[in-house]
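Structural overview
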Amino acid sequence: MINIRPVSDLRNKYPEIEELVLKEDEEVYLTKNGYGTMVVMSLEKYSRLTEEVEMQNKLEERFGEKNMEKIIDELEKQIQNPDTKFLTHEEVFGTIRRKLNDE
């Protein structure tokens, strides 16, 4: 549920806002004179959000936005195909170890 509060609640009801932000991991949208002005969130949530954006930007920079959409579409098709062979994590890491050990 979206939590919208007047900015005065930040001063007057700080413990309530802190509980929503830290314990329930929710954002609180603050308004001033009926208009949105800012969002309050935990440092952990902000960090996760910025990491996701940074990763998306790096992927788009490397592959291009349109290519990323094509890659995702192709992966979705492969996942839905009953003939697709999936590897276990042991198989994947075993292959990586062999390549690293020049076997």
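Here goes a summary of the coordinates provided.

Basis of the calculations
Per-chain numbering applies: the sequence of each chain, read as written, is numbered from 1 onward. With pLDDT at 70 or above as the cut-off, local features in this predicted model cover only qualifying residues; side-chain atom pairs require 80 or more to be listed or tallied, and sums for whole chains, interfaces and linings still use all residues. Side-chain calculation: all heavy atoms of the structure are included, whereas hydrogens and water are not. We define a salt bridge as a side-chain nitrogen of Lys or Arg found within 4 Å of a carboxyl oxygen belonging to Asp or Glu. Helix and strand definitions follow DSSP, with helices as H or I runs of at least four residues and strands as E runs of at least two, each counted in order from the N terminus. Accessibility here uses a 1.4 Å probe with only protein chains present; expressed as a share of the type maximum, an area under 20% marks a residue as buried, one over 50% as exposed, and anything in between as partly exposed.

**Regarding the pattern of salt bridges**
Should their charged atoms come close, side chains of opposite charge can pair. Across all of its chains, the model carries six salt bridges by this definition. Between glutamate 16 and arginine 5 there is a salt bridge; the shortest N-O distance is 3.4 Å. In this pair, glutamate 16 sits in helix 2 (residues 14-23) while arginine 5 sits in strand 1 (residues 3-6), placing the two residues eleven residues apart along the sequence. The exposure class of arginine 5 is buried, given its relative accessible area of 17%. Ionic pairing is found between lysine 58 and glutamate 54, a salt bridge with its closest N-O pair at 3.4 Å. A residue pair is termed a helical-turn pair when its members lie 3 or 4 positions apart in one helix, as lysine 58 and glutamate 54 do in helix 3 (residues 43-63) at four residues. A single salt-bridge network, built from bridges that share partners, covers Arg5, Asp9 and Glu16.

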